[in-house]
Amino acid sequence: GANSVSQGAERSHLVSEDGKNSKTVLCQRCGSKVLCPGMAVFAEKELFLPSMRKKNSLSSTEGSVDGDTLTAHWLVDDMFIFENVGFTNDVGRIKYLICADCEIGPIGWHCLDDKTSYYIALERVTHE
């Protein structure tokens, strides 16, 4: 539909010609810098991220979790590339990425089985 077209257009100014993030990636809530331009690769992968909330209520999820399946992510292969990021406690084999400053998240996803893949969901961050 028309929606996907605007999403694609929206995305094209965020992704550089070599598939990297062309803008700085920031926390939506507090503006803390998550990634510098050119440090992450655009990746499409279906990942389920719980709804945004404070860190302390992220790992204590009883029963079903509300959230979104997101497909557009910034992929980083080393946690030290991030300017600023925090992690939740393990939820199974998953750690969620949160803002290190205001601890709102998850803004991203990491599986303990894959030490070189850290995903940041485009819809959960701000770009400027």
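Definitions and cut-offs
Residues numbered from 1 in each chain as written. Predicted model: local features only at pLDDT ≥ 70, side-chain atom pairs only at ≥ 80, totals over all residues. Heavy atoms only, no water. UniProt positions renumbered as here; feature names shortened; annotations may be inferred. Phe/Tyr/Trp six-rings, centres within 6.5 Å; stacked < 30°, edge-to-face > 60°. Helix = DSSP H or I, 4+ residues; strand = E, 2+ residues; numbered from the N terminus. Buried < 20%, exposed > 50% of the residue type's maximum accessible area, 1.4 Å probe, protein only.

- Looking up the protein chain in an unreviewed UniProt entry gives the name Guanine nucleotide exchange factor MSS4, with the organism given as Salarias fasciatus.
- Quoted verbatim from the Function (unreviewed entry) heading of the UniProt record, the comment on the protein chain is "Guanine-nucleotide-releasing protein that acts on members of the SEC4/YPT1/RAB subfamily. Stimulates GDP release from both YPT1, RAB3A and RAB10, but is less active on these proteins than on the SEC4 protein. Might play a general role in vesicular transport."

1. Notes on the packing of aromatic side chains
- This structure, assessed with the given rule, holds 4 aromatic pairs.
- Relative to Y118, the ring of F87 lies with its centre 6.1 Å away and its plane at 65°, an arrangement referred to as edge-to-face. Of the two residues, F87 sits in strand β6 (residues 86-87) while Y118 sits in strand β10 (residues 118-121), which places them 31 residues apart along the sequence.
- Here the aromatic cluster, defined as three or more aromatic residues joined through ring pairs, consists of F82, F87 and Y118.

2. Observations regarding unusual backbone geometry
- Residue P106 follows G105 across a cis peptide bond; omega there is 5°.
- Looking at the secondary structure, you find P106 in the loop between β8 (104-105) and β9 (108-111).
- Positioned with a positive phi, E103 is a non-glycine residue whose angle comes to about 60°.
- Along the chain, E103 falls in the loop between β7 (94-98) and β8.
- Relative accessible area serves as the criterion here: at 32%, E103 is assigned to the partly exposed category.

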